[in-house]
Amino acid sequence: MSFDQTYAAKLRTAHDTVDLIRDGDTIVAPVGVGEAPGFLAALSDRRTEFTGVQVSQILPLYPAAYLDPTTVEHVAHNSYFLSGVTRPGAQAGWVDYRPAYFYETPKLFARGMWPHEVVTSMASPMDEEGYLYVSLGPDYTIGAAKTARDVILEVNPHVPQAYGDCKIHIDQVSAVYETDNPIKEVGLPTIGPIEQAIGNYVAELIPDGATLQIGFGAIPDAVVLQLLEKKDLGVHTEMIGDGILTLIEAGVVNNSRKNVDNGIMRATFALGTHKLYEWMHRNPMLRMDPVDVTNDPAIAGLHDNLISINATMQVDLIGQCGSETLGLLPFSGTGGQADFVRSANRSEGGKSFIVTPATAKGGTVSRIVLSLAPGTQVTTTKNDVDHVVTEFGVAQLRGRSAKERARALIAIAHPDFRAELTEQAERHHLL
């Protein structure tokens, strides 16, 4: 049977692919725009037919109807990283979540620690060798597909065929259905004066020829926009977005001085606009690979001058960063922050930056605190943190004592809170 005949035999409607689901199944979906909205919509429509089904993924972007507290006994969500559509459920208690280092997720599937039966993803049309490309999010999807009972793909001509380990062969696929809907676009966030100030501080410490990992959010993107005067930057990251594309188009990123993967860049998921997705198609500069290739500190740390930039919500005076919860209230997830902080620490000449505005809630709450709010989950530990940056400056913490750290962090807190933080630190013998 030819590849085209095999494909035709597996072609269904999105509604009919749900016939493959069984009670108790765990369905794995990729990060962000790589998810298959047609399948998730069909599953939502039929959710009361099932009992004990779970959907697991990082950063879902479509508000699928199965995200419903009244039907969680039928289909529930179990998150690896919360988004705006799953955060309310997690805060209310009807969405569960699984903590893990992002780079270890393929291993957790392979070892059976995250049991699963089904993988679903958006994919490109099949090539002449029978491969479909899940290039928008190979992340943990490639690894999970290897041990899944069923793989269901939404084939969309707008999905790029990228280079790298981001292909699934039609022989491995249980069912396909076709759509022609535009891929969801996530453009650059609004950059205000606080984000710009933080971006300027970080940019000053990034040398020409460095290799970048840029996290998700307004402040990391603000850093990107301050790098247009740099030269010969490289990229080894988890997310590729329009900020990095801006640097590529300006000639700032050319990967020419990378000591590893010279001339190419690697990422594990894409989150941008149609322009980015078109640029990704068969572009020899880019490799889209599973997350255990992009985020493993033993691999990423081989890059000299690796620069990691990620955001947090709260930092205490020893340097612990709470980037997932405020107290017991969940907001996001572990993601790749810890992966790349540790990667940068391993890198020769590497630097990691944890960035945050100095205050929240209209300036009434300091994000630099004596101690994290009770119950806050530590994402970057005191032993891993390197630089913390607010709009008031840079605190370099790695290698410094507890008292030195407290002084450095108070110095970059908002001036309205410095006296209070100093008094608290002295009272608790941190100064």
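Residues numbered from 1 in each chain as written. Predicted model: local features only at pLDDT ≥ 70, side-chain atom pairs only at ≥ 80, totals over all residues. Heavy atoms only, no water.

Enquirer: What am I meant to see in the overall build of the chain here?
Expert: For the chain, the helix and strand inventory stands at 15 helices and 26 strands. On C-alpha atoms alone, the chain measures out to a radius of gyration of 22 Å, which is about the 22 Å that the 2.2 N^0.38 rule sets for 431 residues. Considering only C-alpha atoms, the chain reaches an extent of 75 × 50 × 35 Å along its principal axes. For the chain, the computed accessible surface area is about 16,400 Å², with 51% contributed by carbon and sulfur atoms. Distance from the positive charge centre (34 side chains) to the negative charge centre (51 side chains) of the chain: 7 Å. (Helix = DSSP H or I, 4+ residues; strand = E, 2+ residues; numbered from the N terminus. Rg over C-alpha atoms; globule rule 2.2 N^0.38 Å. Areas by Shrake-Rupley, 256 points an atom, 1.4 Å probe, with all protein chains shown as cover. Lys, Arg positive; Asp, Glu negative; His and termini not counted. Charge placed at Lys NZ, Arg CZ, Asp CG, Glu CD.)

Enquirer: Can you walk me through the nonpolar core in this structure?
Expert: Among soluble globular proteins, nonpolar side chains are generally buried collectively. Among the nonpolar cores identified, the biggest contains 76 residues, and Leu 132, Val 202, Ile 206, Ile 240, Trp 279 and Ile 309 are the most heavily contacted of them. Not counting the four nearest positions on each side in its chain, Leu 132 is found in contact with Tyr 7, Ala 123, Ser 124, Pro 125, Met 126, Leu 153, Val 155, Cys 166, Lys 167, Ile 168, Ile 170 and Val 173. In this structure, Ile 21, Ala 64, Ala 175 and Tyr 177 belong to the second largest nonpolar core, which totals 21 residues. (Core = buried A, V, L, I, M, F, W, Y, C linked by side-chain atoms within 4.5 Å. Buried < 20%, exposed > 50% of the residue type's maximum accessible area, 1.4 Å probe, protein only. Contact = heavy atoms within 4.5 Å.)

Enquirer: Please clarify how helix α8 (residues 218-225) should be interpreted in this entry.
Expert: The periodicity of an α-helix, 3.6 residues per turn, causes residues three or four positions apart to be oriented the same way. Taken across its eight residues, α8 has six buried, putting it largely inside the fold. When we look at burial in α8, the residues that qualify are Ile 219, Pro 220, Asp 221, Ala 222, Val 223 and Val 224. Where the residues of α8 are buried, they touch α7 (193-204), β10 (211-214), α9 (242-249), β16 (306-311) and β21 (351-355).

Enquirer: Where do I start with the sheet that holds strand β24 (residues 368-369) in this structure?
Expert: Strands belonging to one sheet form pairs held by backbone hydrogen bonds; the direction of such a pair is parallel or antiparallel. Ordered in space as β18-β17-β24, the three strands form an open sheet in which the pairing is mixed. The two strands at the open ends of the sheet, each matched to only one other strand, are β18 (321-322) and β24. Inspection of the sheet shows strand β17 (residues 314-316) paired to β18 by two bridges, in the antiparallel sense. Note that in β18 the partner of Gln 314 across the bridge is Gly 322. (Pairing = 2+ DSSP bridges.)

Enquirer: So what exactly am I meant to see when it comes to the side chain of Thr 379 here?
Expert: In this fold, Thr 379 is placed in the loop between β24 and β25 (387-390). For Thr 379, a relative accessible area of 8% corresponds to the buried category. Reaching out from Thr 379, the side chain makes a polar contact with the backbone nitrogen of Ser 323 at a distance of 3.3 Å. Within the structure, the side chain of Thr 379 is placed 2.7 Å from the side chain of Glu 324, a separation counted as a polar contact. (Polar contact = N/O pair within 3.5 Å; in protein donor to acceptor, adjacent residues only side chain to side chain.)

Enquirer: Could you clarify how one ought to interpret unusual backbone geometry in this entry?
Expert: Most peptide bonds are trans, and most residues other than glycine sit at a negative phi. Even without being glycine, Leu 59 reaches a positive phi, approximately 55°. The residue Leu 59 is located in the loop between β2 (53-58) and β3 (75-81) in this model. Here Lys 361, not a glycine, exhibits a phi torsion of approximately 50°, which is positive. Locating Lys 361 in the fold gives a position in the loop between β22 (359-360) and β23 (365-366). According to the relative accessible area criterion, Lys 361 is exposed, its value standing at 70%.

Enquirer: How do you make sense of the packing of aromatic side chains when you look at a structure like this?
Expert: As enumerated under the stated definition, the model contains seven aromatic pairs in all. Considering the side-chain rings of Tyr 80 and Tyr 140, the 5.3 Å spacing of their centres and the 90° angle between planes classify their relative orientation as edge-to-face. Of the two residues, Tyr 80 is situated in strand β3 and Tyr 140 in the loop between β6 (131-133) and α6 (141-147); the sequence distance between them amounts to 60 residues. Here Tyr 80 and Tyr 140 have matching classes, each one buried. Ring centres of Tyr 101 and Tyr 103 lie 6.3 Å apart, and the angle between their planes is 25°; on these two criteria the pair is classed as stacked. By relative accessible area, which is 30% here, Tyr 101 ends up partly exposed. Three or more aromatic residues joined by ring pairs make a cluster, and in this case those are Tyr 80, Phe 102, Phe 109, Trp 114 and Tyr 140. Stacked on the ring of Tyr 131, the Lys or Arg Lys 167 has its end atom at 4.5 Å from the ring centre. (Phe/Tyr/Trp six-rings, centres within 6.5 Å; stacked < 30°, edge-to-face > 60°. Lys NZ or Arg CZ within 6 Å of the ring centre and 35° of its normal.)

Enquirer: Would you mind showing me how to read the pattern of salt bridges here?
Expert: Two side chains with opposite charge may pair up if their charged atoms get near one another. For the structure on display, the rule yields 11 salt bridges. In this structure, Arg 46 engages Glu 49 in a salt bridge whose closest nitrogen and oxygen atoms are separated by 3.0 Å. Between Glu 249 and Lys 275 there is a salt bridge, with the nearest N and O atoms lying 3.1 Å from each other. Placement of Glu 249 in helix α9 and of Lys 275 in helix α10 (residues 274-280) is noted, with a sequence separation of 26 residues between them. Judged by its relative accessible area of 49%, Glu 249 is partly exposed. Overall, Lys 275 belongs to the partly exposed group, its relative accessible area being 46%. (Salt bridge = Lys/Arg side-chain N within 4 Å of Asp/Glu carboxyl O.)

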